[in-house]
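Residue-level listing of the chains:
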Amino acid sequence: VYRSKEEIEEMKKNDAVKLFEKQLLEEGYLTAEDIAKIDEAQTLSKITRTDQRTYLKVTGALKEGYNVTLVANDVKAALRGASLPEGISYEMKGENETIMSTLKDLAIMLVLGLIMVYLVMVAQFQSLKSPFIIMFTIPLAFTGGFMALLLCGMEIGLMAMLGMIMLTGIIVNNGIVLVDYINNLRLQGKDKKEAIIEACVTRLRPILMTSVTTILG
């Protein structure tokens, strides 16, 4: 007699049911081992969901001396090369994302600050040329700031960006003092070169005192 695979499986199920019924009638009970395979294994203590999707949060801490942004970039590079099963995705959260968002906001604040500083100087000097000259001193401040970070072996972070914004104000203030004095000397009849040299010599000490007290304070 030929029987299909489905018929054989059905017969096995019926035989197993009859065996369980016989044991239940004779002994009055069934154990879990009679009807299931029991294995010990580790599992999640809880299942968390967001937007009706199950997710698993993986956290970690950095050892001293490691930069969170550089480590996060390495992790992202490693995950980009990984082949995830269908329906599985990943998302980076935590300190690095907060830092990057804050740095982006600070960069926008820096640009807006430069625009506002230029407009204020235009109103003060009643000219577009003098404020434009002063604005050219700002990249020199950034150059010094980046060189200081390089010498100290530090990366651009939140405190560094705040320092850059402060440098913008310091440099502009020094430029205003210098250019205003040059303009006054020019009005007194001195030629351009002589006025620039005298203004630099005369205003160097006040500018250094103001900058040093601001930086150290």
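All figures in this text were calculated on a predicted structure; none of them were measured in a lab.

Undergrad: How would you sum up helix α4 (residues 95–125)? Please name residues and give values.
TA: A rise of 1.5 Å per residue sets the reference length of α4, with its 31 residues, at 45 Å; its end C-alpha atoms lie 44 Å apart and thus fit the reference within 8%. For α4, the set of buried residues is Asn-96, Leu-103, Leu-106, Leu-110, Met-121, Val-122 and Phe-125. Where α4 is buried, its residues contact α3 (68–80), α5 (129–135), α6 (138–152) and α7 (158–187). Just downstream of α4 lies Gln-126, where phi reads positive at about 55 degrees.

Undergrad: Which residues make up the nonpolar core, and what values do they have?
TA: Of all hydrophobic cores here, the largest spans 13 residues; its most connected members are Met-121, Phe-125, Ile-134, Ile-138, Phe-142, Val-172 and Ile-176. Broken down by secondary-structure element, the contributors of at least two residues to this core are α4, α5, α6 and α7. Element by element, the count of residues in this core is highest for α7, at five residues. Setting aside residues no more than four positions away along its own chain, Val-172 makes contact with Val-117, Met-121, Ile-134 and Ile-138.

Undergrad: Go over the packing of α3 against α4, please, and point to the residues and values.
TA: Interhelical geometry of α3 versus α4 gives an angle of 115 degrees and a closest axis separation of 9 Å. Compared by their axis directions, α3 and α4 come out roughly perpendicular. Crossing angle aside, the handedness with which α3 passes α4 is left-handed. Taking contact as the criterion, the partners of Val-68, Thr-69, Ala-72 and Lys-76 in α3 are, on α4, Glu-95, Asn-96, Glu-97, Ile-99 and Met-100. Classifying every residue of the contact of α3 with α4 by side-chain character gives four nonpolar, two polar and three charged.

Undergrad: With reference to specific residues and values, describe the packing of aromatic side chains.
TA: Scanning all chains against the criterion turns up one aromatic pair. The interplanar angle of 85 degrees and the centroid separation of 5.1 Å between the aromatic rings of Phe-132 and Phe-136 together place this pair among those described as edge-to-face. For Phe-136, a relative accessible area of 55% gives the class exposed. When the ring centre of Tyr-181 is taken as reference, the NZ or CZ atom of Arg-203 above it lies at 4.4 Å.

Rules used in this analysis
Going along each chain's sequence as written, the residues are numbered from 1 onward. Residue-level local features of this predicted model are given only where pLDDT is at least 70; pairs of side-chain atoms are given and counted only at 80 or more, and the full residue set underlies all totals for whole chains, interfaces and linings. The side-chain figures draw on all heavy atoms in the structure; neither hydrogens nor water molecules are used. For the purposes of this entry, the term helix denotes a DSSP run of H or I that reaches at least four residues, the term strand denotes a run of E that reaches at least two, and both are numbered from the N terminus. Under the convention used throughout, the expected extent of a helix is 1.5 Å for every residue step, that is, one less than its residue count. Throughout this description, buried means an accessible area under 20% of the type-specific maximum (1.4 Å probe, protein chains only), exposed means over 50%, and partly exposed covers the range between. In what follows, a contact means two residues having at least one pair of non-hydrogen atoms within 4.5 Å. Each nonpolar core is a collection of buried residues, namely Ala, Val, Leu, Ile, Met, Phe, Trp, Tyr and Cys, held together in the definition by side-chain atoms within 4.5 Å. Every axis corresponds to a line fitted to the C-alpha atoms, with the helix fit spanning only the stretch in contact, and the corresponding angles, defined between N-to-C directions, vary from 0 to 180 degrees. Note that the term roughly parallel is reserved for angles under 35 degrees, roughly antiparallel for angles over 145, roughly perpendicular for angles of 65 to 115, and oblique for everything else. When the near helix sits turned anticlockwise from the far one by under a right angle, the crossing is termed left-handed; a clockwise turn instead gives a right-handed crossing. All residues other than Ala, Val, Leu, Ile, Met, Phe, Trp, Tyr, Cys, Pro, Asp, Glu, Lys and Arg, Gly among them, are scored as polar; the first ten of these are nonpolar and the last four charged. For this analysis, a ring pair means two rings from Phe, Tyr or Trp (six-membered ring only for Trp) whose centres lie within 6.5 Å, classed as stacked if their planes differ by under 30 degrees, edge-to-face if by over 60, and tilted for the remaining angles. For a ring to carry a charge above it, either NZ of a lysine or CZ of an arginine must fall within 6 Å of the ring centroid while also lying within 35 degrees of the normal to the ring plane.

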